[in-house]
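Residue strings, one per chain:
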Amino acid sequence: MKHKKILILSLLLALVITGKSQIEITVQQPIQENFVESELISEISFIPLSYEKMGAIAPDMELKADVEDYFILDNKFTQSVFRFNDQGELLDTITTQKRDTGQKNLPLLNNPSKFSINPTLKQVEIFSFENLSLSRFSYSGKKIDQIVLPLYPSDFIRDQKGNYWLYTGWNNKESQFRLIHADKNGKVIDRQLRLVSKCTPFESYAFSTHNNDIYLWELLGNSTYKIINNSAVETYFLNFGQKNLPASFHSMDPYDSYIMINRLGYFSTKKYLENDNFAYFFLNYTTETGREIYHVIYDKKTKKAYKYFENSGIAAFEKAQYLTDNDELVFLVAPRKIRQLSTSENDNLGFQFDEIVEAASSVKNIMIVKLKLVSPEVTEENPQPSPTE
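Quick caveat, the model's predicted, so the values are computed rather than measured.

**With respect to empty space enclosed by the protein**
(1) Moving on: Considering all chains together, one arrives at four cavities of 30 Å³ or more under this definition.
(2) Moving on: In this structure, the largest cavity spans a volume of roughly 190 Å³.
(3) Moving on: Among the secondary structure elements, those contributing two or more residues to the lining of the largest cavity are β3 (62-66), β9 (114-118), β13 (155-158), β17 (207-210) and β21 (266-274).
(4) Moving on: Tallying contributions element by element places β3 first for the lining of the largest cavity, with four residues.
(5) Moving on: When the residues that make up the lining of the largest cavity are grouped by side-chain class, the tally is nine nonpolar, four polar and three charged.

In structure tokens:
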């Protein structure tokens, strides 16, 4: 009897840990509130980045942060990681590239790279598609060592214990498991999230982290996850209503599945971030004729989801790259986009934007922009004075 009770309790606990604790957020069109007019945005700060070559940094590059260190991957030209401090100064350039001494010592171009940072070990890790190698560097750019991963990851991240989590995407020919757990040397420990699919292959960035917690999302999936006790536990379910992918999608061949989603239109999750107070999702809605972009912010205190569209004709902010302990969403933004916003008839900027609009008239380089989020519940308790008071 005692063993039966233990078994029942274990089953109940498993139910609580998995689907039952998942929070559902419904995202259906039309979404009519503009992101730049959000009541959640209380302050805006920005850091112009210092670099000499025009175009060296672009807003669509991937950024990762460790408190006062910002790392940006140039995945277009040099496959190098640039490290900036909190003043926007370029501290180091980290690269695995060989250099051609006959052409001004420039890096030789090859396939795009993936990268991650490990705040625990203060390391930057760059994955090369040529030979499955993962090179590990100190924050200053000194190479430490190199390992070989068991497969091509769509994205990867390292946990506090030094082990790796590899995401493979959908219909990866090397593995039916979307999530691979490997040790510090790349040896497979476990395989999770099995999916047998014939659809067109999909891969994307998939991991984010906050205070050693690891979060996972899938480009066309509805569920998001958190790694708990070495398992992927569902956290949120994004319900797109009639735009949810049909169950038959994974039985369709690559060509038919690709044609279907583009003809009917589909949502894709480009970023999922969390901290103690908020969860953030950046979504694209894509059709044959164009795309729409959305920001969804879930307030954990009020248990309310705020859904916003962004003017896709300007797309000044696009995806947030990071969510700080101080509830700041961090973006890479081009000054010209801020100038376009300030003159747009469809976007009404509040006083919070005054300083960045003024700076954008003279700043040329990409800026790191932080939007401070404040729950309306907190705002009501501590009302902000207007600029004229």
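**Considering the side chain of serine 138**
(1) Moving on: Relative to the elements of secondary structure, serine 138 occurs in strand β11 (residues 133-138).
(2) Moving on: Sequence-distant contacts of serine 138, that is, excluding residues within four places in its chain, are made with Ile94, Lys122 and Ile144.

**A few points about the pattern of salt bridges**
(1) Moving on: Applying the stated criterion across every chain, the model contains twelve salt bridges.
(2) Moving on: For aspartate 66, the salt bridge goes to lysine 122, with nearest N and O atoms at 2.8 Å. With aspartate 66 in strand β3 and lysine 122 in the loop between β9 and β10 (123-127), this pair connects stretches of sequence that are 56 residues apart.
(3) Moving on: Residue aspartate 66 is classed as buried on the basis of its relative accessible area, which comes to 8%.
(4) Moving on: Ionic pairing is found between arginine 178 and glutamate 218, a salt bridge with its closest N-O pair at 2.7 Å. Of this pair, arginine 178 sits in strand β15 (residues 177-182) while glutamate 218 sits in the loop between β18 (213-217) and β19 (223-228), and the two are 40 residues apart along the sequence.
(5) Moving on: By relative accessible area, arginine 178 is classed as buried at 10%.
(6) Moving on: We classify glutamate 218 as buried; its relative accessible area is 3%.
(7) Moving on: What you see here is one network of salt bridges that share partners, running through Glu62, Lys271 and Lys319.

**Thoughts on the nonpolar core**
(1) Moving on: Among the nonpolar cores identified, the biggest contains 33 residues, and Tyr280, Ile297, Phe317, Leu329, Phe331, Val369 and Leu371 are the most heavily contacted of them.
(2) Moving on: Broken down by secondary-structure element, the contributors of at least two residues to this core are β2 (41-48), β22 (278-287), β23 (290-299), β24 (304-310), β26 (328-333), α3 (335-342), α4 (354-360) and β27 (367-373).
(3) Moving on: Among the elements that make up this core, the one with the highest residue count is β27 (four residues).
(4) Moving on: Here phenylalanine 331 is in contact with Phe35, Tyr280, His295, Phe317, Glu318, Lys319, Ala320, Met367, Ile368, Val369 and Leu371, once residues within four sequence places are set aside.

**Notes on the sheet that holds strand β12 (residues 143-148)**
(1) Moving on: A sheet is described by the order of its strands in space; here four strands give the open sequence β9-β10-β11-β12, paired in antiparallel fashion. This sheet does not close on itself; its edge strands, each paired only once, are β9 and β12. Going across the sheet, the axis of each strand differs from the next one's by a mean of 20°, ignoring polarity.
(2) Moving on: When β10 meets β11, the two strands line up antiparallel, connected through five bridges. Directly across from phenylalanine 127, in β11, lies its bridge partner leucine 134.

**Here we look at the side chain of asparagine 262**
(1) Moving on: Relative to the elements of secondary structure, asparagine 262 occurs in helix α2 (residues 254-264).
(2) Moving on: Looking at asparagine 262, its side chain comes within polar contact range of the main-chain oxygen of tyrosine 258, at 2.8 Å.
(3) Moving on: Once residues within four sequence positions are removed from consideration, asparagine 262 is found in contact with Thr287 and Glu288.

**Considering the pairing of β11**
Consecutive side chains of a regular strand alternate in pointing toward one face of the sheet and then the other.
(1) Moving on: Burial runs high along β11: six of the six residues are buried.
(2) Moving on: Every second residue of β11 is oriented toward a common face, with Ser133, Ser135 and Phe137 on one face and Leu134, Arg136 and Ser138 on the other, all of them buried.
(3) Moving on: The antiparallel hairpin formed by β10 and β11 contains five residues in its connecting segment, where leucine 132 sits at a positive phi of about 60°.
(4) Moving on: Bridge count between β11 and β12: five bridges; the pairing is antiparallel. Residue pairing in the sheet places arginine 136 in a bridge with aspartate 145 of β12.

**Examining the sheet that holds β21**
(1) Moving on: Strand order across the open sheet formed by four strands is β21-β22-β23-β24, with antiparallel pairing between neighbours. Looking at which strands have only one partner, the edges of the open sheet turn out to be β21 and β24. Ignoring which end each strand starts from, the neighbouring axes of this sheet average 20° apart.
(2) Moving on: Pairing between β23 and β24: seven bridges, direction antiparallel. Within β24, the position partnered with isoleucine 297 by the bridge is tyrosine 306.

**A short note on the packing of aromatic side chains**
(1) Moving on: The full count for this structure, using the stated rule, is 20 aromatic pairs.
(2) Moving on: With 6.2 Å between their ring centres and 75° between their planes, tyrosine 236 and tyrosine 272 make a pair best called edge-to-face. Separated by 36 residues along the polypeptide, tyrosine 236 in strand β20 (residues 231-239) and tyrosine 272 in strand β21 bring together distant segments of the chain.
(3) Moving on: Residue class for tyrosine 236 comes out buried when judged on its relative accessible area of 3%.
(4) Moving on: Geometrically, the ring pair formed by phenylalanine 267 and tyrosine 285 is tilted, given 4.9 Å between the ring centres and 50° between the ring planes. In this pair, phenylalanine 267 sits in strand β21 while tyrosine 285 sits in strand β22, placing the two residues 18 residues apart along the sequence. When sorted by exposure, phenylalanine 267 lands in the same class as tyrosine 285, which is buried.
(5) Moving on: The rings of Phe35, Tyr308, Phe317, Phe331 and Phe353 are connected pair by pair, giving a single aromatic cluster.
(6) Moving on: Over the ring of phenylalanine 115 we find lysine 64, and its NZ or CZ is 5.4 Å from the ring centre.

Conventions used here
- Residues numbered from 1 in each chain as written.
- Predicted model: local features only at pLDDT ≥ 70, side-chain atom pairs only at ≥ 80, totals over all residues.
- Heavy atoms only, no water.
- 1 Å grid on protein atoms, 1.4 Å probe; cavity = no way out; pocket = protein on both sides within 12 Å on 5 of 7 lines; lining within 4 Å.
- Points joined across faces, edges and corners; volume = space filled by probe spheres on them.
- Helix = DSSP H or I, 4+ residues; strand = E, 2+ residues; numbered from the N terminus.
- Nonpolar A, V, L, I, M, F, W, Y, C, P; charged D, E, K, R; others polar.
- Contact = heavy atoms within 4.5 Å.
- Salt bridge = Lys/Arg side-chain N within 4 Å of Asp/Glu carboxyl O.
- Buried < 20%, exposed > 50% of the residue type's maximum accessible area, 1.4 Å probe, protein only.
- Core = buried A, V, L, I, M, F, W, Y, C linked by side-chain atoms within 4.5 Å.
- Pairing = 2+ DSSP bridges.
- Axes fitted to C-alpha atoms, helices over the stretch in contact; angles between N-to-C directions.
- Polar contact = N/O pair within 3.5 Å; in protein donor to acceptor, adjacent residues only side chain to side chain.
- Phe/Tyr/Trp six-rings, centres within 6.5 Å; stacked < 30°, edge-to-face > 60°.
- Lys NZ or Arg CZ within 6 Å of the ring centre and 35° of its normal.

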